[in-house]
Amino acid sequence: MVYKEFIQMRRDRLTFAMMVGIPLLQLTLFGYAINTDPRQLPTAALISDDSPFARRFLAALQTSDYFQLGDRLDNAAQADRVLALGQAQFVVQIPSGFERELLRGERPQLLILADATDPSATGSALAALAELPNRLLAEQMRGPLAAYAPQAPPFDLVIQRRYNPEGLTEHNIVPGLMGVILTMTMIMMTAVAVTRERERGTMENLLATPVRPLEVMLGKILPYVGVAYVQVTLVVLAAMWLFAVPVRGSLALLYAAVGIFVLANLAVGVFFSTLARNQLQAMQMTFFFFLPSLLLSGFMFPFRGMPNWAQAIGELLPLTHFLRIVRGIMLKGNQAAEIFAHLPPLLVFTALALALGVLRFRRTLD
Amino acid sequence: MSEAVIEVRGLTKRFGDKTVVDGLDMRVEKGQIYGFLGPNGSGKTTSIRMLCGLLTPDAGQGRCLGMDILTQAQRIKRRVGYMTQRFSWYEDLSIAENLRFAARLYGVPNVAQRVDQALDDLGLSARRQQLAGSLSGGWKQRLALAASLLHSPDLLLLDEPTAGVDPQARREFWEHIHDLTEAGITVLVSTHYMDEAERCHRLAYISAGRLLVEGTPQQVLDHVGLQTIVVEGASAAQRQSLAALEGVEQAVVFGTAVHLSGSNAERMGHSVGRYADQQRLRWQRVQASLEDAFIHLMQSQRGAGPNRSASTQAGAARGR
């Protein structure tokens, strides 16, 4: 019995590859890619007070290793924009006359804007930030200035956690879950449904009728678009009623974006169905695609915490881009213009997957 | 000569480096039942798939219902009914749902009416809501046939339609096929059953993708030129001896009798007659059956080898 089982295992090359491949994939992803303490987070600076203090402060941010200073911004609108697009995780805002007020002991405010959509991405950086003023002042206020060295910092560090001020993880997880659910069900459903037709011989029958292969394919996947919208509606309703997750952007925009994302996943499903010889293989392929999607898309772990190679893979996955879109719409209240910025990679992926799926689908008939 | 429904020349299909159908020439006339015979893997199914536009031939050309099989496959499909080897309708749909689906695929007008009619013809009106998966093999086959007839095709392609169906249902099925040809439908049917082969107007025997013999059943028999002698009541040891006699090329056991066949009638008659008389066994010459003829064809294709021993053939005959 055991011997027979091993023989069959060896015959089914794909299953065998999966059995070895999945543990390897897991080891690689969990071992190397995942880091729950992201550093080098992109930080933009809006400096209206180009004083030695401001420069010291920025330098201190940089050396803390948590912040990677990038663009200098000119105005508050730009600050809003880089955060809304997710280009920067933080914006440091030093108001004009900051140093002057500091020296006068007027306790000026230093503002840090954080994109707190994912609380775990910003958590440790903000904790490090809280330590910063004291350390900074300890080295700054020496010599004649030592008299000014106070117990408490002479300025207020105001941290504004945007989009998710209370740092509730469910605000981040629930919208993301929508993408995860869609990825899982759409790929699996189409891959299995199409493979089943082939396995049971009904595909041959269909293709002997005047129905064209493309019509067969469309007919197979269209019902699942309906299923997808039911799922999305369920998640949106649950987000609103059960988890009190805000929906700040337009639902119509969300539903439109879902359409593209669903198409991408259905195309992947069709592509898998052309590779799989049976339903079991179709399931395994789905899992092989789903695992990196789950781990590298920024759903479970902060995207910016991953090494570059993992981020590069993540950028290829449709879920990564959809997560930015869905979180953008629900939490950040992104408008169409901001969403469009996330669309090109998703569209390219969809077009490629569709083309590949259709080509392979046609070829397997012969 | 009457109108040709199928006329193909040099039809060839390769899968990888394996040539599955090799230069097939075939002509089927209107209203005929054309039997397609050959061992497993000889290219019957592949040929049928090429005829109905499921596969594109790698070489060759031909017309089916007056349309080019290379360029007009889509139009051919509208007028062809195809019944696959395995039941390939949906086991999780009811009988009526399957028929309705089939009717819509072919764009049949008045779907409800056609489906009701088909259910009546099948005698399945009362069980229309039953799931197709719960039907027996014979009923599944009837359902599949009904589904492939909904759009009133001019040509029926049947790929081993009666595999796994009981004799009664098989007989009824063939009655039905004959009725259809009376109505002007042409039928191409592949089969492994020799009683079915005998019911065809013409036969083609293919092996390893090549057409070996073609013609009416009688022409096929004449072509093979096989003689058969039936010897009754031989013991196993005697059968061994009989099979080894001069001129005996095949020995197949049927119950208490053994059928000995050979292409040289005179030589075989001489040696078998002498041995049987000597052992006091009853023997008589009979007309060779199609089965004997085809086994002879299969053997001569494989060439002389260990397959020719009597025991192997007896085993093969029983296995079937």
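Residues numbered from 1 in each chain as written. Chains lettered and ligands numbered in written order. Predicted model: local features only at pLDDT ≥ 70, side-chain atom pairs only at ≥ 80, totals over all residues. Heavy atoms only, no water.

As a further point, take the overall build of chain A. When helices and strands are tallied, chain A shows 15 helices and five strands. Across its three principal directions, the C-alpha atoms of chain A cover 90 × 50 × 35 Å. Per-residue burial for chain A yields a buried fraction of 51% across its 366 residues. For chain A, long-range pairs separated by at least 24 residues make up 80% of all intrachain contacts whose partners lie at least 6 apart in sequence. Taken as a whole, chain A presents about 16,900 Å² of accessible surface, with 62% of it coming from carbon and sulfur. Here chain A contributes 30 positively and 26 negatively charged side chains, and the mean placements of these two sets differ by 8 Å. (Helix = DSSP H or I, 4+ residues; strand = E, 2+ residues; numbered from the N terminus. Buried < 20%, exposed > 50% of the residue type's maximum accessible area, 1.4 Å probe, protein only. Contact = heavy atoms within 4.5 Å. Areas by Shrake-Rupley, 256 points an atom, 1.4 Å probe, with all protein chains shown as cover. Lys, Arg positive; Asp, Glu negative; His and termini not counted. Charge placed at Lys NZ, Arg CZ, Asp CG, Glu CD.)

Moving on: the side chain of D292(B). Residues and elements named next belong to chain B. Mapped onto the secondary structure, D292 falls in helix 11 (residues 290-302). Within the local environment of D292, its side chain forms a polar contact with the side chain of T228, the two groups lying 3.5 Å apart. Other than its neighbours up to four places away in sequence, D292 contacts L226, T228, Q250, H259 and S261. (Polar contact = N/O pair within 3.5 Å; in protein donor to acceptor, adjacent residues only side chain to side chain.)

All names here are of chain A. At a closest axis distance of 9 Å, the pairing of helix 10 (residues 251-275) and helix 11 (residues 279-296) adopts a crossing angle of 135°. In terms of their interaxial angle, helix 10 and helix 11 are classed as oblique. Considering the relative orientation of helix 10 and helix 11, their crossing is right-handed. From helix 10, N265, V268, F272 and L275 reach across to helix 11, where they touch Q281, M285, T286 and F289. Residues that form the contact of helix 10 with helix 11 fall into these classes: five nonpolar, three polar and no charged. (Axes fitted to C-alpha atoms, helices over the stretch in contact; angles between N-to-C directions. Parallel < 35°, antiparallel > 145°, perpendicular 65-115°, else oblique. Left-handed = near helix turned anticlockwise from the far one by under 90°. Nonpolar A, V, L, I, M, F, W, Y, C, P; charged D, E, K, R; others polar.)

A few words now on helix 2 (residues 13-33) of chain A. Residue and element names in this part refer to chain A. The end-to-end C-alpha distance of helix 2, which contains 21 residues, comes to 28 Å, matching closely the 30 Å that a straight helix rising 1.5 Å per residue would cover. Remark: the principal bend of helix 2, roughly 25°, maps to G21, with a proline, P23, within the next four residues. T15, M18, G21, I22, L25, L29 and A33 are the residues of helix 2 that are buried. On the buried face of helix 2, the contacting elements are helix 11 and helix 12 (308-316). (Expected span 1.5 Å × (residues − 1). Bend = angle between axes of the 7 residues up to and from the residue.)

Turning next to the domain arrangement of chain A. Think of interface size as the accessible area that goes away when the parts come together; that is how it is often given. Residue and element names in this part refer to chain A. Domain annotation of chain A identifies domain 1 (41-162) and domain 2 (168-363). Inter-centroid distance (C-alpha atoms) of domain 1 to domain 2 is 39 Å. With 15 residues of domain 1 in contact, the opposing surface of domain 2 contributes twelve residues. Summing the contributions of domain 1 and of domain 2, the shared interface buries around 1,100 Å²; its carbon and sulfur component is 55%. When the buried area of domain 1 at its contact with domain 2 is split by residue, A84, L85 and T117 rank highest and sum to 46% of it. On inspection of domain 1 and its partner domain 2, the count reaches one salt bridge. Where domain 1 packs against domain 2, one counts seven residue pairs in polar contact (both at pLDDT 80 or more). Those elements giving two or more residues to the side of domain 1 that touches domain 2 turn out to be strand 1 (41-47), helix 4 (76-85) and helix 6 (119-140). (Domains from an automatic or database assignment. Buried area = accessible area lost by both parts, 1.4 Å probe. Salt bridge = Lys/Arg side-chain N within 4 Å of Asp/Glu carboxyl O.)

All names here are of chain A. One can describe the packing of helix 7 (residues 169-199) onto helix 9 (residues 213-241) by two numbers: an axis separation of 10 Å at closest approach and a directional angle of 160°. With respect to their mutual orientation, helix 7 and helix 9 come out roughly antiparallel. Note that helix 7 runs across helix 9; the crossing there is right-handed. Side by side, helix 7 and helix 9 meet where V174, M178, I181, L182, T185, M186, M189, T190, A193, V194 and E197 of the first sit next to K220, I221, Y224, V227, A228, Q231, V232, V235, V236 and A239 of the second.

This next bit is on the sheet that holds strand 5 (residues 156-162) of chain A. All names here are of chain A. Taken in spatial order, the five strands make up an open sheet running 2-1-3-4-5, and their pairing is mixed. The sheet is open, and its two edges are formed by strand 2 (67-72) and strand 5, each paired on a single side. Each adjacent strand pair in this sheet contributes to an overall mean axis angle of 25°, direction not counted. In the sheet, strand 1 pairs with strand 3 (residues 90-94) via five bridges, with the strands oriented parallel. Counterpart to L46 in the pairing with strand 3 is Q93. Relative to the sheet, helix 4 contacts strand 1, strand 3, strand 4 (109-115) and strand 5, its axis offset from that of strand 3 by approximately 165°. (Pairing = 2+ DSSP bridges.)

Next up on the list: a positive patch on the surface. Together, R10(A), R11(A), R13(A) and R277(A) line one region of the surface with positive charge. Looking at the secondary structure, you find R11(A) in helix 1 (residues 2-11). (Patch = residues over 30% accessible without salt bridge, like charges linked within 9 Å, V, L, I, M, F, W, Y side chains within 5 Å.)

Okay, the packing of aromatic side chains next. A full pass over the atoms with the stated rule returns nine aromatic pairs over all chains. On the numbers, 4.1 Å between centres and 5° between planes, the contact of F261(A) with F322(A) is stacked. Of this pair, F261(A) sits in helix 10 while F322(A) sits in helix 13 (residues 318-330), and the two are 61 residues apart along the sequence. Residue classification places F261(A) among the buried residues on the basis of a relative accessible area of 0%. Given the relative accessible area of 0%, F322(A) is considered buried. Put simply, the rings of F53(A), F57(A) and F98(A) touch in pairs and so form one group of aromatic residues. The ring of F303(A) carries the charged tip of R324(A) above its face, separated from the ring centre by 4.8 Å. Sitting over the face of the ring of W139(B), R127(B) holds its NZ or CZ atom 5.3 Å from the ring centroid. (Phe/Tyr/Trp six-rings, centres within 6.5 Å; stacked < 30°, edge-to-face > 60°. Lys NZ or Arg CZ within 6 Å of the ring centre and 35° of its normal.)

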